[in-house]
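Residue strings, one per chain:
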Amino acid sequence: MNEPGIIRKLSEEVVNRIAAGEIVQRPANALKELIENSLDAKSTNIIITVKSGGLKFLQIQDNGTGIRNEDLDIVCERFTTSKLRKYEDLQEISTYGFRGEALASISHIAHLTILTKTAQDKCAYKASYENGKLKGPIKACAGNNGTQITVEDLFYNVVARKGALRSPTEEYTRLMEVVGGYAIHNSQVGFTLKKFSENTDLKTAMKSSVIENVRIIYGNTIARELIEVEILDANLKLSIHGYITNVNYSNKKGILLLFINHRLVDSQAIRKAVDSVYSTYLPKNSHAFVYLSIELDPKNVDVNVHPTKHEVQFLYEEQIVEKIKTCIETKLLGCSSTRVLYTQARLPGAAQPRDVADKPTDAAKTSAAHMVRVNPNVQKIDKFFELEPNKTNQPTGDNASDVVNDVDQQQKIPSEQDLNNSIVKEPAEDNKVQEKWKQYTEAGQANITYVDPKDSFKTRTFQYQRIETKLTSVKQLRLEVENNCNSNLREILANLIFIACIDCHKSLIQHSTKLYLCDTTRLTEELFYETLLYDFQNFGFIKLSNPLPLEELFVLGLNGSTQNSEQDSELGDTGEMAQHMTQLLLSKRAMLYEYFSLEVNGEGELLALPLLLD
C-alpha cells in the first residue's frame, strides 16, 4: 500500500531562488526592474552598459536621489520597499515598484554590487550582496550623486535557465527594446545604452520629445509618418495620449508600445483592436507602429497580477478598447487624403504605350546594371525659375503646325538671355583649389602633394575602439549644445531635400511644402563644432608618408604671411619664434596626441594630423 508523501516546509534559500526565477526570466526583465527603480528615484539621465547580452555584465547608472547609507543593510532582502506601507496603498500606487522583490531576486541568481550617494552624504557607499545578504562591510568611496548597480554572472547558479536562453545578440536586442520603450515614454529623461568597451548603440538627449526619440531609435521612416492621438473621458477617468503611423507606413513586424499608468505592459485586447483597424488600410500581413500612454484612476487598475508586471487588469476594458479603436479609425480616415500614390503622366505628343503583348520577355530585359536609377521624389531646380516666353515665336494661324514640329529643337537650345537670368552662378575658375595648391608644391616642398578628397580614404587610419571622454568641461559643452538645440530647426535639417547652391555661402533646401534659404557657412561651422565635441579623443589620424619638421613648417608659415609685416619684425627673428613654437608643441605632444590626434615625435617632426581636417 502506497504511503502519502510527507509535507515539508521549503528552506528560505529554495523559496527565494524559485521566486527569483519567476521575476527575472531573462536579462531584459532584470533591466526593466532596474530602470523602473531609477525612474522612481527621479533620475534625469540613465546610462546602461552591457556585456554578452547582459549575462556576463549588466550595469545601470543614474543621477537620482540615491539610497540612504542606513538602508543598505536590508535593501536586497525580500519585501523591503520605500513605496508601500499597507495593502490599501496598493490601490493608489503611483510608482513603478511596490513589492520590493527586484533587487532580492537578482541577488539570488547573480553577483550584485551597489554604489550609491545621496545629496546629503559627503561620500558614496559601496556594498556587495549574495542571496539577499551583505557579503562584507559597507565601504565608503568616491562617487557621483545617484546609484550605480552592477549585475555580474546572471544565472550562474541556474544552469538550466542559462542554457535555455538565446544567443547574446538576441538578448541584447531585447534589452534595446526595453530601453527604447522607456526612452520614448520618458522623453524628458536621457537614456544611453552601450556594449562594454564599444561604441554607444542608443543615446537620447534629456528634455527631448517623443517624435525625436522615435526618430533616434526606430528611424526617420517611422517618425515622419506619425499622427498624434488623444482621448479624454471624465466618466471613465481616462486620459490617452500617443502617436500612430498613418497609412503610408507598413511593416511585417508591428510595434506596439503600450504604457498603462506609465508601466510598459502588453494587452492582447488592445493589440487585436489596433490590428483590426489597420487591416482595412494596410496590405495583408502588414502592421503599423503604435505608441499609447493610457492613464487611469489607480483604483481601477490591478498591477499585481503578473510576477514580472508584464500584464495588468483594469476596469471598463471593453469601453476603453472601443474608444481607442474609434479614435484610431477616425485619425486614419482623416489622413487618407495625404496618402502617397505615385503616378506617371504621358507628356503631350509622346508616342502611345506599347501593348502588353509587345513587352519584352524577362530574358530580353535590360540588366539592372545598365539602367539609370531615377528617384521621383527629387525635384529639379528648373521648377523654381520662370523663363520669359519669346513673343516673336508665338504660333498663329497656319504656322502653328510648323512651331509644333520645331518645339523639340527650341527646347534643346536655350537662349543666352535665359542662361544669364539664372541665379545659380558657376565659379569662374574651376581648378581654383588645384591652382592655389600649386604655389605650395614648389621645389623644396616636394613632400607635400595635393590629395583628391575622393582618394583621401587611402591615407586614413581609424581607431576602432572608441574612447569615451571623461572631461567635465567637454561634457558640459555637450550638455549646453543639447539644451540650446532648436527642435524645429532639427526637424527641418533631419528631413530636408537639397535643391541647389545659390553661391558659396547660401543654398536652397526644401522641407515639407516650404522652400528655405540656408546659410551653409554658419551651418558648417556649427557642424564642425559639434563634431569636434562629440568625437573628442576619437578624431582618427591622417598618417603622413614622410615626417615633416615642425620648425621648418613654422618658418614657412611665418615667412609666407604678407600681412602685418611690421608687427612680425617687432616680434623678433622668425627662426627663434619657430624654435620656441616647436618647443611649446613638444611639451604638449602627449595631450595633443590623446585629445586631438595630432602626433609629433620627440625629434620635433609631425607624423599625423587629425582626420577631422580632411
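Model, not experiment: these values are computed from the prediction.

Conventions and cut-offs
- Residues numbered from 1 in each chain as written.
- Predicted model: local features only at pLDDT ≥ 70, side-chain atom pairs only at ≥ 80, totals over all residues.
- Heavy atoms only, no water.
- Pairing = 2+ DSSP bridges.
- Helix = DSSP H or I, 4+ residues; strand = E, 2+ residues; numbered from the N terminus.
- Axes fitted to C-alpha atoms, helices over the stretch in contact; angles between N-to-C directions.
- Contact = heavy atoms within 4.5 Å.
- Patch = residues over 30% accessible without salt bridge, like charges linked within 9 Å, V, L, I, M, F, W, Y side chains within 5 Å.
- Areas by Shrake-Rupley, 256 points an atom, 1.4 Å probe, with all protein chains shown as cover.
- Salt bridge = Lys/Arg side-chain N within 4 Å of Asp/Glu carboxyl O.
- Buried < 20%, exposed > 50% of the residue type's maximum accessible area, 1.4 Å probe, protein only.
- 1 Å grid on protein atoms, 1.4 Å probe; cavity = no way out; pocket = protein on both sides within 12 Å on 5 of 7 lines; lining within 4 Å.
- Points joined across faces, edges and corners; volume = space filled by probe spheres on them.
- Disulfide = S-S within 2.5 Å.
- Phe/Tyr/Trp six-rings, centres within 6.5 Å; stacked < 30°, edge-to-face > 60°.
- Lys NZ or Arg CZ within 6 Å of the ring centre and 35° of its normal.
- Core = buried A, V, L, I, M, F, W, Y, C linked by side-chain atoms within 4.5 Å.
- Parallel < 35°, antiparallel > 145°, perpendicular 65-115°, else oblique.
- Left-handed = near helix turned anticlockwise from the far one by under 90°.
- Nonpolar A, V, L, I, M, F, W, Y, C, P; charged D, E, K, R; others polar.

(A) Representation of the sheet that holds strand 20 (residues 514-519). Pairing within the open sheet is antiparallel, and its three strands lie in the order 18-19-20. Edge strands, defined here as strands with exactly one partner in the open sheet, are strand 18 (497-501) and strand 20. Neighbouring strand axes in the sheet, compared pairwise and without regard to direction, differ in orientation by 30° on average. Two elements, strand 18 and strand 19 (residues 506-511), share four bridges in a ladder whose sense is antiparallel. Residue pairing in the sheet places Ile 497 in a bridge with Gln 510 of strand 19. Against the sheet, helix 16 (residues 520-534) touches strand 19 and strand 20, its axis set at about 70° to strand 20.

(B) Fine view of a nonpolar patch on the surface. A cluster of nonpolar residues, Leu 489, Leu 493, Leu 496, Phe 498 and Leu 523, forms a patch on the protein surface that exposes about 400 Å² of accessible area. Here Leu 489 lies in helix 15 (residues 487-494). Accessibility expressed as a relative area gives 43% for Leu 489, which makes it partly exposed.

(C) Local environment of the layout of surface pockets. Quantified by volume, the largest pocket comes out at close to 1,600 Å³. Lining the largest pocket are 41 residues, and of these Asn 45, Ile 47, Glu 468, Thr 469 and Lys 475 sit closest to its centre. Going through the elements one at a time, strand 1 (45-51), strand 2 (57-62), strand 7 (146-152), strand 8 (190-195), strand 9 (200-203) and helix 14 (472-483) are the ones with two or more residues in the lining of the largest pocket. Take the lining of the largest pocket: its biggest share by element is six residues, from helix 14.

(D) Fine view of the state of the cysteines. Applying the stated criterion across every chain, the model contains zero disulfides. Cys 141 takes part in no disulfide bond, and the closest cysteine sulfur to it belongs to Cys 123, at a distance of 7.2 Å.

(E) Layout of the pattern of salt bridges. Counted by the stated rule, this structure contains 16 salt bridges. Two residues, Arg 26 and Glu 171, come together in a salt bridge whose shortest N-O distance is 2.9 Å. Of this pair, Arg 26 sits in the loop between helix 1 (12-23) and helix 2 (27-40) while Glu 171 sits in helix 5 (residues 168-185), and the two are 145 residues apart along the sequence. Notably, a salt bridge pairs Glu 225 with Arg 224, separated by 3.8 Å at the nearest N-O pair. Judged by its relative accessible area of 53%, Arg 224 is exposed. Residues joined in a network through salt bridges with shared partners are Glu 212, Arg 215, Arg 490 and Glu 491.

(F) View of the packing of aromatic side chains. Under the counting rule described, the total for this entry stands at nine aromatic pairs. Members of the aromatic cluster, connected to one another through ring pairs, are Phe 536, Phe 539, Tyr 595 and Phe 596. Over the ring of Tyr 172 we find Lys 195; its NZ or CZ atom is 4.7 Å from the centre of that ring.

(G) Highlighting the environment of Ala 494. Among the secondary structure elements, Ala 494 is positioned in helix 15. Sequence spacing of Ala 494 and Asn 220 is 274 residues, and the spatial spacing of their C-alpha atoms is 8.1 Å. The residues touching Ala 494, leaving out its near neighbours within four places in the chain, are Arg 215 and Asn 220.

(H) Molecular detail of the environment of Lys 253. Note on placement: Lys 253 falls in the loop between strand 11 (238-245) and strand 12 (255-260). With 32 residues separating them in the primary sequence, Lys 253 and Asn 285 have C-alpha atoms 8.7 Å apart. Residue contacts for Lys 253: discarding those within four places in its chain leaves Glu 177 and His 287.

(I) Main features of the nonpolar core. Counting residues in each nonpolar core, the largest one holds 56 residues, and the members touching the most others are Ile 35, Ile 48, Ile 114, Val 151, Phe 191 and Phe 289. Every residue in contact with Ile 114, bar those within four places of it in the chain, is listed here: Ile 67, Leu 72, Val 75, Cys 76, Leu 103, Tyr 125, Lys 126, Ala 127, Tyr 129, Thr 147, Gln 148 and Ile 149. Counting 34 residues, the second largest nonpolar core, distinct from the first, contains Tyr 281, Leu 282, Val 301 and Val 321.

(J) The arrangement of the pairing of strand 23 (residues 605-610) in detail. Bridge analysis of strand 21 (residues 541-549) against strand 23 gives five bridges, and the strand direction is antiparallel. Its bridge partner being in strand 23, Leu 548 is matched across the sheet by Leu 606. With two bridges connecting them, strand 22 (residues 599-600) and strand 23 associate as antiparallel partners. Within strand 23, the residue paired with Val 600 across the bridge is Leu 606. Adjacent in sequence and paired antiparallel, strand 22 and strand 23 are bridged by four residues, among which Gly 604 carries a positive phi angle near 80°.

(K) Quick look at the packing of helix 2 against helix 3 (residues 102-109). Close contact between helix 2 and helix 3 brings their axes to 10 Å; oriented N to C, the two are set at 140°. In terms of orientation, helix 2 lies oblique with respect to helix 3. Remark: the crossing between helix 2 and helix 3 carries left-handed chirality. Across the interface between the two elements, Ala 30, Glu 33, Leu 34 and Asn 37 from helix 2 touch Ala 102, Leu 103 and Ile 106 from helix 3. Its residues placed into classes, the contact of helix 2 with helix 3 shows five nonpolar, one polar and one charged.

(L) Summary view of the sheet that holds strand 12. What the five strands build is an open sheet, ordered 10-11-14-12-13; its pairing is mixed. Only two strands of the sheet have a single partner each, and these edge strands are strand 10 (226-233) and strand 13 (263-265). Looking at each pair of strands side by side, their axes are set apart by 20° on average, direction ignored. Seen against the sheet, helix 5 touches strand 12, strand 13 and strand 14 (289-295) and runs at an angle of roughly 60° to strand 12.

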